[in-house]
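Each chain is listed here by its residues.
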Amino acid sequence: MAKHKPETEEILPEWDCGTYQTGSTTPPKSSNGRFTLLFLAVIFLGGLLSGMGLVNLHQLQDKYQENNNTIPVNQGEYTQSLSEDSVFNTDIPTPQIPADRQFVLTLENSPYYSQNSDHLLDAAQIREKAKASLAQVHILTRSHNTRTAVGLVMSADGYILTNAHLLESAKQIFVYLSDGRLLPAAVVGSDILTDLAVLYVQAQDLTPAVFGTSNQLQVDDPVYTAVTDQEITLKKSGVFNVSRKFSTAHNIVNLIQTYDDPKSGPVFNSYGQVVGLCVSRTAKYFGTANNLGLVLGSNAMQSLVQQLVQQGYVSGRPDMGFEVEEIAKLYQQYWQLPGGLRVSGIQHNGDQLHDGDILLALNGKSLSVPEDLYAVIYGCAIGQEITAVVFREGKQITLRLTVGQQTQ
């Protein structure tokens, strides 16, 4: 890959009297003591929560079984909310992903509803049928934020499907199964464009979900999306559009659209079969805000999931070779930083970028959330050179980066 030197470099004064496109760089006034009081309050609350976490950790350690890769938490159902401290304050190692990863996602035929109306299930019946294959995925990010997602067991030997955007900047991932086990998980592969991700947990006795064919869905057919808060529930909706295409010059995705607007989670038909995954964020990568109830159908995901399991990525996807994370407003104010995306985990373009750089703009587009970055990338061709504006050690620097191809 060709290397490039910084195109321009502008040395700014210690404080710029202007404003970056992605956030103000004006420092807080030293005479204002309210921010100091707020910061001290945050430190106090953080210490209090850490203390509570230690108590939860000791309680959790008392529940260890002989198999130290499994922590039973709540046998039989996920009706109790797990303490985030009890989930992540553990020393259980992340499982090693098997070297020989053979997997085929099998789809059962889904007959037309109109021809089988006597066999349709309601939400409670679908959940009862599918509950053994549903799981809660708990994510701790590198900035110590926490997220919870719905996971779907795809195989008895530990492969689990979830949404890729929820795994961004993940530091620790645990999967809470319906039988009460809490298992550490490793990311096998993810595809941001279609919002698919596959996790692996070390288990051999899981109950796989039953997948059906999404290409049999018709307008107004009922569908049910699995969502989670303190427990997993099914949210009923209906099919609005069976084929909605999103495209750029170099990428195209064909999705199903429903009337409801869940952001993530597996989607079931009225036979209790999984017919897709809700991927509403995908629309943003194609320059549109109309992201109501977008679903990647099971027929479309079949080959993608197989690639994620077997090689860890989807072939032909553009990639910048680094990870990004939003910068919290509190950090921006305290450290007097501009808004943008913090760069880490650089794999290529490392001759230009440094860990800790703040990416302000890419190809003229201001960046404030990861979706802004992906929207630029997925409009580019692999090998294309693009301009990046970076904030580094008080300087704003313009760089030339190369769009690579995802390989892991």
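Everything discussed here concerns the structure shown above.
Scope of this entry: the structure provided in the associated data block.

## Some words on the overall build of the protein chain
Now for step 1: A count of helices and strands for the protein chain gives six helices and 25 strands.
Now for step 2: The burial tally for the protein chain puts 50% of its 408 residues in the buried class.
Now for step 3: Put simply, 67% of the contacts in the protein chain that link residues at least 6 apart link residues at least 24 apart.
Now for step 4: Counting every atom, the protein chain has about 19,300 Å² of accessible surface; 49% of that belongs to carbon and sulfur.

## Side note on the pattern of salt bridges
Now for step 1: In the structure shown here, the tally under the stated rule is seven salt bridges.
Now for step 2: Arg-181 serves as the salt-bridge partner of Asp-179, at 2.9 Å between the closest nitrogen and oxygen.
Now for step 3: A residue is classified by how much of its surface remains accessible, and Asp-179, at 31% relative accessible area, is partly exposed.

## Quick notes on the nonpolar core
Now for step 1: The biggest cluster of nonpolar side chains holds 82 residues, and the ones touching the most others in it are Phe-268 and Val-305.
Now for step 2: Aside from chain neighbours lying at most four places away, what touches Phe-268 is Ile-126, Ala-130, Leu-134, Leu-152, Val-223, Tyr-224, Ala-226, Leu-234, Gln-273, Val-274 and Val-275.
Now for step 3: With eight residues, the next largest nonpolar core counts Leu-217, Ile-256, Val-267 and Val-295 among its residues.

## Considering the packing of aromatic side chains
Now for step 1: The tally for this structure, following the rule as stated, stands at five aromatic pairs.
Now for step 2: Summarising the aromatic geometry, the rings of Phe-103 and Tyr-159 are spaced 6.1 Å apart at their centres and angled 55° between planes, so their arrangement reads as tilted. Highlighted residues: Phe-103 in the loop between α2 (84-88) and α3 (123-130) and Tyr-159 in strand β7 (residues 159-163), separated in sequence by 56 residues. The burial state of Phe-103 is the same as that of Tyr-159; both residues are buried.
Now for step 3: Counting every residue linked through ring pairs, the aromatic cluster contains Phe-103, Tyr-159 and Tyr-200.

## Regarding the side chain of Glu-325
Now for step 1: Among the secondary structure elements, Glu-325 is positioned in strand β19 (residues 323-326).
Now for step 2: Those residues within four positions of Glu-325 in sequence are excluded, and the remaining contacts are Thr-141, Arg-142, Ser-143, Ser-169, Gly-340, Leu-341 and Arg-342.

## Considerations on helix α4 (residues 298-311)
Now for step 1: Taking 1.5 Å per residue as the helical rise, α4 with its 14 residues ought to reach 20 Å, and the 20 Å between its terminal C-alpha atoms agrees with that figure.
Now for step 2: Those residues of α4 that sit buried are Ser-298, Met-301, Leu-304, Val-305, Leu-308 and Val-309.
Now for step 3: The secondary structure elements touched by the buried residues of α4 are β7, β10 (186-191), β11 (196-200), β16 (274-278) and β17 (294-297).
Now for step 4: One or two positions beyond α4, positive phi appears at Gly-312, with a value near 90°.

## Section: the environment of Asp-355
Now for step 1: Within the secondary structure, Asp-355 sits in the loop between β20 (341-344) and β21 (358-362).
Now for step 2: Using a relative accessible area of 56% as the deciding quantity, one classes Asp-355 as exposed.
Now for step 3: Along the sequence, Asp-355 and Phe-322 sit 33 residues apart, while their C-alpha atoms lie 9.1 Å from each other.
Now for step 4: With residues near it in sequence (within four places) discarded, Asp-355 still touches Val-343, Ser-344, Gly-345 and Ile-346.
Now for step 5: Among the polar contacts listed, one links the side chain of Asp-355 to the backbone nitrogen of Gly-345, at a separation of 3.3 Å.

## Remarks on the environment of Ala-209
Now for step 1: Mapped onto the elements, Ala-209 comes out in the loop between β11 and β12 (222-228).
Now for step 2: Taking relative accessible area as the criterion, Ala-209 reaches 13% and is therefore assigned buried.
Now for step 3: In this structure the C-alpha to C-alpha distance between Ala-209 and Ile-160, which are 49 residues apart in sequence, comes to 9.8 Å.
Now for step 4: Residues in contact with Ala-209, not counting those within four places in the same chain, are Ser-133, Leu-152, Val-153 and Val-274.

## Observations regarding the sheet that holds strand β13 (residues 232-247)
Now for step 1: Spatially, six strands are ordered β12-β13-β14-β17-β16-β15 in a closed barrel, and the strand pairing comes out antiparallel. Taking the axes of each pair of neighbouring strands and ignoring which way they run, one obtains an average angle of 50° across the sheet.
Now for step 2: Here strand β15 (residues 266-268) pairs with β16 via three bridges, running antiparallel. If you follow Pro-266 over to β16, its bridge partner there is Leu-277.
Now for step 3: Against the sheet, α3 makes contact with β12, β13 and β15, and its axis sits at roughly 90° relative to β13, the strand it touches most.
Now for step 4: Relative to the sheet, α4 contacts β16 and β17, its axis offset from that of β17 by approximately 60°.

## Things to note about helix α6 (residues 370-377)
Now for step 1: Of all eight residues that make up α6, seven are buried, and the element is covered over most of its length.
Now for step 2: Every buried residue of α6 is listed here: Pro-370, Glu-371, Asp-372, Leu-373, Tyr-374, Val-376 and Ile-377.
Now for step 3: Buried-residue contacts for α6 involve β18 (318-319), β19, β20, β21 and β22 (365-366).

## Focus: the side chain of Ser-133
Now for step 1: On the secondary structure map, Ser-133 appears in the loop between α3 and β5 (134-141).
Now for step 2: Given the relative accessible area of 4%, Ser-133 is considered buried.
Now for step 3: When residues no more than four places from it in sequence are discounted, the contact partners of Ser-133 are Gly-151, Leu-152, Val-153, Thr-207, Pro-208 and Ala-209.

## Describing unusual backbone geometry
Now for step 1: Positioned with a positive phi, Asp-195 is a non-glycine residue whose angle comes to about 60°.
Now for step 2: Position of Asp-195 among the secondary structure elements: in the loop between β10 and β11.
Now for step 3: In this structure, Asn-349 is a non-glycine residue whose phi angle is positive, near 70°.
Now for step 4: Along the chain, Asn-349 turns up in the loop between β20 and β21.

## Section: the environment of Leu-234
Now for step 1: Here Leu-234 is to be found in strand β13.
Now for step 2: As a C-alpha pair, Leu-234 and Ala-123 span 111 residues in sequence and 6.1 Å in three-dimensional space.

How each quantity is defined
Residues numbered from 1 in each chain as written. Predicted model: local features only at pLDDT ≥ 70, side-chain atom pairs only at ≥ 80, totals over all residues. Heavy atoms only, no water. Helix = DSSP H or I, 4+ residues; strand = E, 2+ residues; numbered from the N terminus. Buried < 20%, exposed > 50% of the residue type's maximum accessible area, 1.4 Å probe, protein only. Contact = heavy atoms within 4.5 Å. Areas by Shrake-Rupley, 256 points an atom, 1.4 Å probe, with all protein chains shown as cover. Salt bridge = Lys/Arg side-chain N within 4 Å of Asp/Glu carboxyl O. Core = buried A, V, L, I, M, F, W, Y, C linked by side-chain atoms within 4.5 Å. Phe/Tyr/Trp six-rings, centres within 6.5 Å; stacked < 30°, edge-to-face > 60°. Expected span 1.5 Å × (residues − 1). Polar contact = N/O pair within 3.5 Å; in protein donor to acceptor, adjacent residues only side chain to side chain. Pairing = 2+ DSSP bridges. Axes fitted to C-alpha atoms, helices over the stretch in contact; angles between N-to-C directions.

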